[in-house]
Amino acid sequence: MELKRLTISSLHNRIARGEVKAADVCRAALDRIERLSELNAFITVRADAAMARADEIDHAAERGDKLPPLAGAVIAIKDNMVMRGVRTTAGSRILFNYKPPYTATAVDRLETAGAIIVGKTNLDEFAMGSSTENSAYGPVRNPWDTTRVPGGSSGGSAVAVASGMAMGALGSDTGGSIRQPASLSGVVGLKPTYGRVSRYGLIAFGSSLDQIGPFANSVEDAARILGVIAGHDPNDSTSSNVEVDDYVKSISSDVSGLRVGVPREYYGEGLDVEVKGKVEASIMKLQEMGAEIIDISLPHTEYAIPVYYLIATAEASANLARYDGVRYGYRAEEASTLKAMYSRTRDQGFGAEVKRRIMLGTYALSAGYYDQYYGKSQKVRSLIEGDFRNAFAKCDVIVTPTAPTPAFKLGEKTADPLEMYLSDIYTITANLAGVPGLSMPCGLSSSGLPIGLQLIGKHFDEATLLRTAHNLEQALGADFTPPPVM
Ligand code: GLN
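The structure displayed is predicted, hence computed values, not measured ones.

### Focus on the site of the ligand
Then, in step 1: Around the ligand there are 15 residues in total, and Thr174, Gly175, Ser177, Tyr308 and Arg357 lie nearest to it.
Then, in step 2: Backbone polar atom of Gly176 to an oxygen atom of the ligand: 3.3 Å apart, as the coordinates give it.
Then, in step 3: Look at the ligand: alone it shows 290 Å² of surface, and the protein chains cover 100% of it.
Then, in step 4: Each residue belonging to the shell around the ligand can be placed in one class, and the counts come to 5 nonpolar, 7 polar and 3 charged.

Given below as structure tokens:
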């Protein structure tokens, strides 16, 4: 049983007809997780709970019950989303023993739809990073080349799907953490519109930017998962009431007449020539399929990195104030005063990147500097949003590279945070503007590494992203299965 070869709908139908057992699919996933444990994709594996769930689905199929849409689909969850009673670490030492008393809405909806939650995946600590090297539980390795990073921060989820340990996964994306690892690992990853998916139960990083979304091996599977998790949730006041489209249905329409915007700022300095070549070849394909290609400009793109790293760190410094050794997780011993206990807990519990961000963010919010940094960033953020509004008056979807280069080597950028932050150059603008973005594989580099293409759409227009991506996926017709790793 090869998970990479199954789609969610074919599995659903085969289980319903009695041709396949959910238990066999689940066992195949668990075997694969064990065999590829060196990739370090999972922090927690729920072997017994997953098998029990698979048996329930098989019993339902035997009884002839109507099966829910994700019946038997093995799904992995980034370890910054809570599940009742299942250890949730956010990749941090400070939450090494945290067992949440409730379940995130997105996870709950997957389970209700018949998914088997196989485990919790590794990530950069509190989702801060672009390589999954900032995890207190060790780095994740890329299955295409184990000396390379899988991208981040949702590296474990991307690798679980890329290497057939799960059929789909959830990640979170604050500045690219679904799309960039999807690109570097050769899978589909979608960051929905801000507010499209409930964040109830997501451990907060940058609250004006965070969004949950799916990873999958095909656009159709991503559409199916999004359809299940999207929609309003009374437990998250930032979740939207906008009606959820039938994403699976919408992918089957063609792209003739679609206006595809190509922003010149995304194809300049710093972009690897092979990445540029593959993305441009895909744009040609869209044109051959009847899309109209339009030259556009997003003129404030050059400010996106500084603006993002001020807003995200400012919000993170506030969100992370709650980890003080009192309420959750790790507590430092041997402190004689309360203040000493707080500071030792935070000193020992947080890693270097998280501390750097707390310091940057606290500074940006401090009296006397607020207007100069946080306030000013908010103004420039409005200009970036305005760029997208103007662009979408001329086009229906925007095509860019997802990341400037294919997967880089482990350790290559850890000594230089700025170099690491530049990996997010093409992805963070969508978070700042709140618009949806999707990454899909569009080719391989000469050294055999996957290259990702990004589609950015209008607010709540995930349907157009998925339709465009599905058409392109069919036209490219390539198989993005990594070579056997070990
Ligand atoms: N790489 C970006 C950062 O380090 C984005 C992270 C994310 O989207 N969670 O902040």
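After that view of the structure, there is still more to cover.
### A look at unusual backbone geometry
Then, in step 1: That bond from Gly152 to Ser153 is cis: its omega, 10°, falls within 30 degrees of zero.
Then, in step 2: Phi at Asn40 is positive, roughly 65°, even though this residue is not glycine.
Then, in step 3: Summarising the element assignment, Asn40 is placed in the loop between α2 (22-35) and β1 (42-45).
Then, in step 4: Residue Ala127 is not a glycine yet carries a positive backbone phi of 70°.
Then, in step 5: Along the chain, Ala127 turns up in the loop between β3 (116-121) and α5 (155-162).

### A look at the environment of Arg381
Then, in step 1: Mapped onto the elements of the fold, Arg381 is located in helix α13 (residues 371-391).
Then, in step 2: Of the residues examined, Arg381 reaches a relative accessible area of 8% and is grouped as buried.
Then, in step 3: Spatially, the C-alpha atom of Arg381 lies 8.8 Å from that of Thr429, the residues being 48 residues apart in sequence.
Then, in step 4: Arg381 has contacts with Ser208, Leu209, Val307, Ile311, Asn431 and Leu432, leaving out every residue within four places of it along the chain.

### Focus: the pattern of salt bridges
Then, in step 1: Counting across every chain of the model gives 20 salt bridges.
Then, in step 2: For Glu353, the salt bridge identified is with Arg357, shortest N-O distance 2.7 Å. Taken as a pair, Glu353 and Arg357 lie in helix α12 (residues 352-365) at a separation of 4 residues, close to a single helical turn. The pair formed by Glu353 and Arg357 is uniform in burial state, with each residue classed as buried.

### Section: the sheet that holds strand β10 (residues 437-444)
Then, in step 1: The 11 strands lie next to each other as β1-β3-β2-β4-β6-β5-β10-β11-β9-β7-β8, forming an open sheet whose pairing is mixed. Bordering the open sheet on either side are β1 and β8 (292-296), each of which pairs with just one other strand. In this sheet, adjacent strand axes meet at a mean angle of 30° when their direction is disregarded.
Then, in step 2: Bridge count between strand β5 (residues 188-191) and β10: 3 bridges; the pairing is antiparallel. Across the sheet, residue Leu190 finds its bridge partner in β10, namely Leu438.
Then, in step 3: Packed onto the sheet, helix α16 (residues 462-476) meets β5, β9 (397-401), β10 and β11 (450-457) and runs at close to 10° relative to β10.

### What about the environment of Asn241?
Then, in step 1: Mapping Asn241 onto the fold places it in the loop between α7 (219-229) and α8 (247-250).
Then, in step 2: Residues Asn241 and Gly477 lie 236 residues apart in sequence; the distance between their C-alpha atoms is 36 Å.

### Quick look at the nonpolar core
Then, in step 1: Counting residues in each nonpolar core, the largest one holds 146 residues, and the members touching the most others are Leu110, Phe126, Leu170, Phe388 and Leu466.
Then, in step 2: At 9 residues, the largest contribution of residues to this core is made by helix α10 (residues 304-319).
Then, in step 3: What Phe126 contacts, discounting residues up to four positions off in sequence, is Ala90, Ser92, Ile94, Leu95, Ile203, Phe205, Leu320, Tyr323, Phe350 and Val354.
Then, in step 4: Ranked by size, the runner-up nonpolar core spans 6 residues in total, among them Val149, Leu184, Ala407 and Phe408.

### Concerning α12
Then, in step 1: Here α12 is 14 residues long and its end C-alpha atoms lie 20 Å apart, about the 20 Å a rise of 1.5 Å per residue gives.
Then, in step 2: Listed in full, the buried residues belonging to α12 are Glu353, Val354, Arg357, Ile358, Gly361 and Ala364. Seen along its axis, α12 keeps its buried residues to an arc of 135°; they face one direction. Exposed and oriented more than 90 degrees from the buried face of α12 are Ala352 and Met359.

### Describing the packing of aromatic side chains
Then, in step 1: Tallied over the full model, the rule gives 15 aromatic pairs.
Then, in step 2: On the numbers, 6.0 Å between centres and 70° between planes, the contact of Phe126 with Phe350 is edge-to-face. Of this pair, Phe126 sits in the loop between β3 and α5 while Phe350 sits in the loop between α11 (338-349) and α12, and the two are 224 residues apart along the sequence. For the residue pair Phe126 and Phe350, the accessibility class agrees, reading buried in each case.
Then, in step 3: Site record: aromatic cluster; members linked through ring pairs are Tyr98, Phe126, Tyr323, Tyr328 and Phe350.
Then, in step 4: Above the ring of Tyr330, the side-chain terminus of Arg93 is found at 4.5 Å from the ring centroid.
Then, in step 5: Seen from the ring of Phe408, Lys413 lies directly overhead, with NZ or CZ sitting 4.4 Å from the centre.

### Some details on the side chain of Asp221
Then, in step 1: As for its placement among the helices and strands, Asp221 is situated in helix α7.
Then, in step 2: Here Asp221 occupies a buried position and makes no salt bridge, while the nearest side chain of opposite charge, Arg224, is found at 4.7 Å.
Then, in step 3: Those residues in contact with Asp221 that sit more than four places away from it in its chain are Leu6, Thr7, Ile8 and Ala216.

### Structural notes on the pairing of β5
Then, in step 1: What you see with β5 is no split at all: Val188 and Leu190 on one side and Gly189 and Lys191 on the other are buried throughout.
Then, in step 2: Where β5 and strand β6 (residues 211-216) come together, 2 bridges link them in antiparallel fashion. Among the inter-strand pairings, Gly189 is bridged to a residue of β6, identified as Phe215.

### A short note on the packing of α10 against α12
Then, in step 1: Contact geometry for α10 and α12: axes closest at 7 Å, N-to-C directions at 100°. Taken together, the axes of α10 and α12 are roughly perpendicular relative to one another. When α10 is examined against α12, the residues Tyr309, Leu310, Thr313, Ala314 and Ser317 are found in contact with a partner set consisting of Arg357, Ile358, Leu360, Gly361, Thr362, Ala364 and Leu365.
Then, in step 2: A class-by-class count of the residues in the contact of α10 with α12 yields 7 nonpolar, 4 polar and 1 charged.

Definitions and cut-offs
Residues numbered from 1 in each chain as written. Predicted model: local features only at pLDDT ≥ 70, side-chain atom pairs only at ≥ 80, totals over all residues. Heavy atoms only, no water. Near = heavy atom within 4 Å. Polar contact = N/O pair within 3.5 Å; in protein donor to acceptor, adjacent residues only side chain to side chain. Areas by Shrake-Rupley, 256 points an atom, 1.4 Å probe, with all protein chains shown as cover. Nonpolar A, V, L, I, M, F, W, Y, C, P; charged D, E, K, R; others polar. Helix = DSSP H or I, 4+ residues; strand = E, 2+ residues; numbered from the N terminus. Buried < 20%, exposed > 50% of the residue type's maximum accessible area, 1.4 Å probe, protein only. Contact = heavy atoms within 4.5 Å. Salt bridge = Lys/Arg side-chain N within 4 Å of Asp/Glu carboxyl O. Pairing = 2+ DSSP bridges. Axes fitted to C-alpha atoms, helices over the stretch in contact; angles between N-to-C directions. Core = buried A, V, L, I, M, F, W, Y, C linked by side-chain atoms within 4.5 Å. Expected span 1.5 Å × (residues − 1). Arc of directions from axis to C-beta. Phe/Tyr/Trp six-rings, centres within 6.5 Å; stacked < 30°, edge-to-face > 60°. Lys NZ or Arg CZ within 6 Å of the ring centre and 35° of its normal. Lys, Arg positive; Asp, Glu negative; His and termini not counted. Parallel < 35°, antiparallel > 145°, perpendicular 65-115°, else oblique.

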